[in-house]
Amino acid sequence: MARRDAQRQVDTTGAGGADDSRAAALVQRLLSIGIDGKGPFDGAAQVARAARAEHPTTESAVHAVVSRHTRLVAASGFATGVGGLITLPVALPANVVGFYVLATRAVAAVAELRGYDTSRPEVRSAVLLTLVGADATDVLKSAGLPSLNIGGRLASLATRRWPPAVLMLVNKGVGFRLLARLGTGGLVRAGSRAVPFLGGAIGAGADAVMLRRIAKHAEHALPPVSGAEGPGAQR
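Residues numbered from 1 in each chain as written. Predicted model: local features only at pLDDT ≥ 70, side-chain atom pairs only at ≥ 80, totals over all residues. Heavy atoms only, no water.

Caption draft 1: Quick peek at helix H2 (residues 44–54). Those residues of H2 that fall on the buried side of the exposure criterion are Ala-44, Ala-45, Val-47, Ala-48 and Ala-51. Here the buried residues of H2 occupy an arc of 160° about the axis, which is enough to place them on one side. Seen from the buried face of H2, the exposed residues on the opposite side, beyond 90 degrees, are Arg-49, Ala-53 and Glu-54. (Buried < 20%, exposed > 50% of the residue type's maximum accessible area, 1.4 Å probe, protein only. Helix = DSSP H or I, 4+ residues; strand = E, 2+ residues; numbered from the N terminus. Arc of directions from axis to C-beta.)

Caption draft 2: Spatial organisation of the side chain of Arg-120. Summarising the element assignment, Arg-120 is placed in the loop between helix H4 (88–113) and helix H5 (121–130). The exposure class of Arg-120 is buried, given its relative accessible area of 10%. Within the structure, Arg-120 has its side chain in polar contact with the backbone oxygen of Ala-158 (distance 2.7 Å). (Polar contact = N/O pair within 3.5 Å; in protein donor to acceptor, adjacent residues only side chain to side chain.)

Caption draft 3: Broad picture of the environment of Lys-172. In this structure, Lys-172 sits in helix H8 (residues 164–192). Separated by 146 residues in sequence, Lys-172 and Leu-26 place their C-alpha atoms 9.5 Å apart. With sequence-adjacent residues up to four places away left out, Lys-172 is seen in contact with Asp-20 and Ala-23. (Contact = heavy atoms within 4.5 Å.)

Caption draft 4: Highlighting the nonpolar core. By size, the foremost hydrophobic cluster in this structure holds 59 residues, and its most contacted members are Leu-129 and Leu-157. At 13 residues, H4 tops the list of elements feeding residues into this core. Residues within four places of Leu-129 in sequence aside, it is in contact with Ala-136, Val-139, Leu-140, Leu-154, Leu-157, Val-170 and Val-174. (Core = buried A, V, L, I, M, F, W, Y, C linked by side-chain atoms within 4.5 Å.)

Caption draft 5: Highlighting the side chain of Thr-130. The residue Thr-130 is located in helix H5 in this model. Judged by its relative accessible area of 1%, Thr-130 is buried. The residues contacting Thr-130, other than those within four sequence positions of it, are Val-107, Leu-154, Ile-214, His-217, Ala-218 and Leu-222.

Caption draft 6: Representation of the environment of Ala-45 in the model. With respect to the element layout, Ala-45 can be found in helix H2. A sequence separation of 66 residues divides Ala-45 from Ala-111, and the C-alpha atoms of the two residues are 9.1 Å apart.

Caption draft 7: Seen up close, the confidence of the model for the protein. Considering every residue of the protein, the mean pLDDT works out to 79; 70% of them sit at 70 or more. Per-residue pLDDT, averaged within each element of the protein, yields its smallest value for helix H1 (residues 2–35) (67) and its largest for H2 (97). Taken as a whole, residues 1–15 scores under 50 in pLDDT and shows 0 contacts with residues more than four places along the chain or in a different chain. (pLDDT = per-residue confidence, 0-100.)

Caption draft 8: Representation of the packing of aromatic side chains. In total, this model carries 1 aromatic pair according to the counting rule given. Ring geometry for Phe-99 against Tyr-100: centres 5.2 Å apart, planes inclined by 85°, an arrangement best described as edge-to-face. Assessed through its relative accessible area of 6%, Tyr-100 is described here as buried. (Phe/Tyr/Trp six-rings, centres within 6.5 Å; stacked < 30°, edge-to-face > 60°.)

Caption draft 9: Fine view of the pattern of salt bridges. Going through the model one piece at a time under the given rule, you end up with 3 salt bridges. Asp-36 is the salt-bridge partner of Arg-124, the closest N and O atoms lying 2.9 Å from each other. Taken together, the positions of Arg-124 in helix H5 and Asp-36 in the loop between H1 and H2 put the pair 88 residues apart, joining distant regions of the chain. Exposure remark for Arg-124: the relative accessible area of 15% places this residue in the buried category. Judged by its relative accessible area of 45%, Asp-36 falls in the partly exposed class. Here Arg-114 ties to Glu-59 by a salt bridge, and the two come within 2.9 Å at their closest N and O atoms. Here the residue Arg-114 occupies a position in the loop between H4 and H5, and Glu-59 occupies one in helix H3 (residues 58–81), the gap between them amounting to 55 residues. In this structure Glu-59 comes out as partly exposed when scored by relative accessible area, which is 39%. (Salt bridge = Lys/Arg side-chain N within 4 Å of Asp/Glu carboxyl O.)

Structure (structure tokens):
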């Protein structure tokens, strides 16, 4: 009996370690690609600068960034569902991760336009928190920061200095919640996208709605930095 209990503990520990690694890998991908950019995929600061150069006000640039990324995730969602069940096992995981990469860049670009410096760890953690919506409160509580999400705003996290260990807990909490959504959300998405072409239309609409919801939360949670002018003025 003792041996069986010990083996169960080892198995549980191993599973937990695997989950830790998956959560860390997902968060790292969102930060390194979604915020910093990679290859031809522009980073958030570059997207923000381009939008600001094309629009007369910060808020019109914010609107343009959100609209552009809404179209991008809609196109990706359509491409995932257009092939139906035949292509779904391969297309769906890539689409889900790709959605969160685009959502991360959209939020980070909004943050840059609002005057936040997305190279700062605190701002990066705040960007990640917007991806989990109402779950951000629980993530902050788990990290020992229960009072920061008052009114749904994360500016107090983004504009102060925090120990790296605290931010690591925040990022890990976001990673775990996104992994859980990838599991349960994947089942829902698979059911709605199983029919060719019709599934593409459903996928496009669902992803567009979700992106707009995340962006709206980000616009509320990360208000303009006082006295900021242009992308990354907090630097």
